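Single-letter residue listing:
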Amino acid sequence: MVSKACCLVLLTIFCAFLICNAGGALSRPKFIRKLDEHEHDEKHGDSDDQTNGKLKKFFYKESCPNAEDIVRKIVTKHVDQKPTMAAKLLRLHYHDCFVRGCDGSILLDSTPGSQSEKEARPNLTLEGYDVIDEIKTEIESQCDQIVSCADILALAARDAVSFQFGKPMWKVRTGRRDGVVSSASEALLGLPSPFFNFSALVDNFALNGLSIHDLVTLSGAHTIGVAHCGTIQKRLFNFTGQGGQDPSIETSYAKTLKAKCQNPKDTTTTLEMDPDSFTSFDNHYYVNLKGQKGLFQSDAALLTNNQASGFVQDMLKKNNFFEQFAISVQRMGAIKVLSGGQGQIRKKCNVVNS
């Protein structure tokens, strides 16, 4: 009889538990939901491990609470007025991170006897410095030497790409500090070249802690923006050194490019990196690539390796590209970041503090 009474009590307690937790997953305890959010962050490249703990979400929440809003406001204004600005700001972030890490060194002007990264040949066509300066000026008016130029670059790149979607396309952890060295020769050596073959690309990315998957994903940034004829002259007219074009480029596409780039010394004619879609951030780059219509030799190189080619195939699904780009661009944004007492917070982005 005692055992029956105990069973009734236990049954009553168990039924009460079921009633209180009716609704299944929708009524899970908060600590479980919190765990799921952390797992979601890791899936989308947003875990602390991605940045070695040096960068944080909302780093300026207390010290400069309006910083991210200021970046977004000014970037939105410029991209709305000039849609090609999105590619320019994204490119600035890329070119910054591949030389000395994401430290804002791309923004520094040359000094007597020392050419800065701006003067390196791959950087001569960079634009968007004026937008970064405008952002920095407004932020400085509210928060004196709190927000780094390196963080402004990372935020501006995200907000520029996100403009067409009306929502942030990836999270940006902040807390970077600015470097005090900028070298044209280092930029020439450090930046991945449009003339690279696959092995050279892999080596370059590996030096920055990035994988083949990151290489394929970040190459998708070529879905927006333009290039100049000089970057493909050899591919079109003298690929082997004895004349002739790169056999990996689709014939009709090569003919179109040759018609636009007839003069080997042409430095002004621009070419859409993703024809008919060069102001829209999407996965169309990979569609062109599969059709042998990648603009650069480095684009075509992605199809010369089975693993990379498989990743290209995966990117033909638009959502795959968006999700994977969000992960890889955050990984890139964490390359060799300066934090804590390293570097400085520049007063002006184009000069080191005196």
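Residues numbered from 1 in each chain as written. Predicted model: local features only at pLDDT ≥ 70, side-chain atom pairs only at ≥ 80, totals over all residues. Heavy atoms only, no water.

1. Quick notes on the overall build of the protein chain
Point 1. Along its length, the protein chain carries 15 helices and two strands.
Point 2. When burial is assessed residue by residue, the protein chain has 45% of its 354 residues classed as buried.
Point 3. Pairs at least 24 apart in sequence give 74% of the contacts found in the protein chain among residues at least 6 apart.
Point 4. Summed over all atoms, the accessible surface of the protein chain reaches about 17,900 Å², with 56% contributed by carbon and sulfur. (Helix = DSSP H or I, 4+ residues; strand = E, 2+ residues; numbered from the N terminus. Buried < 20%, exposed > 50% of the residue type's maximum accessible area, 1.4 Å probe, protein only. Contact = heavy atoms within 4.5 Å. Areas by Shrake-Rupley, 256 points an atom, 1.4 Å probe, with all protein chains shown as cover.)

2. Brief notes about the packing of aromatic side chains
Point 1. For the structure on display, the rule yields eleven aromatic pairs.
Point 2. Between phenylalanine 165 and phenylalanine 322, the aromatic rings sit 5.3 Å apart at their centres with planes inclined by 80 degrees, giving edge-to-face as the arrangement. Of this pair, phenylalanine 165 sits in the loop between α6 (149-162) and α7 (184-190) while phenylalanine 322 sits in helix α15 (residues 318-332), and the two are 157 residues apart along the sequence.
Point 3. Look at phenylalanine 165 and you get partly exposed, because its relative accessible area is 26%. (Phe/Tyr/Trp six-rings, centres within 6.5 Å; stacked < 30°, edge-to-face > 60°.)

3. With respect to the environment of aspartate 96
Point 1. Residue position: aspartate 96 is located in helix α4 (residues 85-97).
Point 2. For the pair aspartate 96 and leucine 153, spaced 57 residues apart in sequence, the C-alpha separation works out to 8.5 Å.
Point 3. Residues in contact with aspartate 96, not counting those within four places in the same chain, are Gly101, Cys102, Asp103, Gly104, Ser105, Ile106 and Leu153.

4. Concerning the packing of helix α8 (residues 198-207) against helix α9 (residues 212-219)
Point 1. It is the contact of α8 with α9, at a shortest axis distance of 9 Å, that shows an interaxial angle of 105 degrees. Here α8 is positioned roughly perpendicular relative to α9, judged by the angle of their axes. Counted together, Phe198, Leu201, Val202 and Phe205 of α8 and Ile212, Asp214, Leu215 and Leu218 of α9 form the full contact between these two elements. (Axes fitted to C-alpha atoms, helices over the stretch in contact; angles between N-to-C directions. Parallel < 35°, antiparallel > 145°, perpendicular 65-115°, else oblique.)

5. Considering the state of the cysteines
Point 1. Counted according to the given criterion, the structure contains four disulfides.
Point 2. Sulfur-sulfur distance for the disulfide between cysteine 64 and cysteine 143 comes to 2.0 Å. Because the torsion about its S-S bond is 85 degrees, the bridge between cysteine 64 and cysteine 143 counts as right-handed. In this pair, cysteine 64 sits in the loop between α2 (30-43) and α3 (67-81) while cysteine 143 sits in the loop between α5 (129-142) and α6, placing the two residues 79 residues apart along the sequence. Assigned by exposure class, cysteine 64 and cysteine 143 land together as buried.
Point 3. Taken in N- to C-terminal order, the disulfide-linked cysteines of the protein chain are connected 1-4, 2-3, 5-8, 6-7. (Disulfide = S-S within 2.5 Å.)

6. Notes on α5
Point 1. With 14 residues, α5 should reach 20 Å at 1.5 Å per residue; the first-to-last C-alpha distance of 21 Å fits that figure.
Point 2. What α5 keeps buried is the set Tyr129, Val131, Ile132, Ile135, Lys136, Ile139 and Glu140. Taken around the axis of α5, the buried residues stretch over an arc of 165 degrees, which confines them to a single face. Facing away from the buried surface of α5 by more than 90 degrees, the exposed residues are Thr137 and Ser141.
Point 3. On its buried side, α5 packs onto α3, α4 and α6. (Expected span 1.5 Å × (residues − 1). Arc of directions from axis to C-beta.)

7. So, the confidence of the model for the protein chain
Point 1. Looking at the protein chain as a whole, the pLDDT averages 87, with 85% of positions reaching at least 70.
Point 2. Contacts from residues 1-45, a stretch scored under 50 in pLDDT, to residues over four places away or in other chains number 18 contacts.
Point 3. Contacts of residues 47-52 to residues separated by more than four positions or lying in other chains number ten contacts, the stretch itself having pLDDT below 50. (pLDDT = per-residue confidence, 0-100.)

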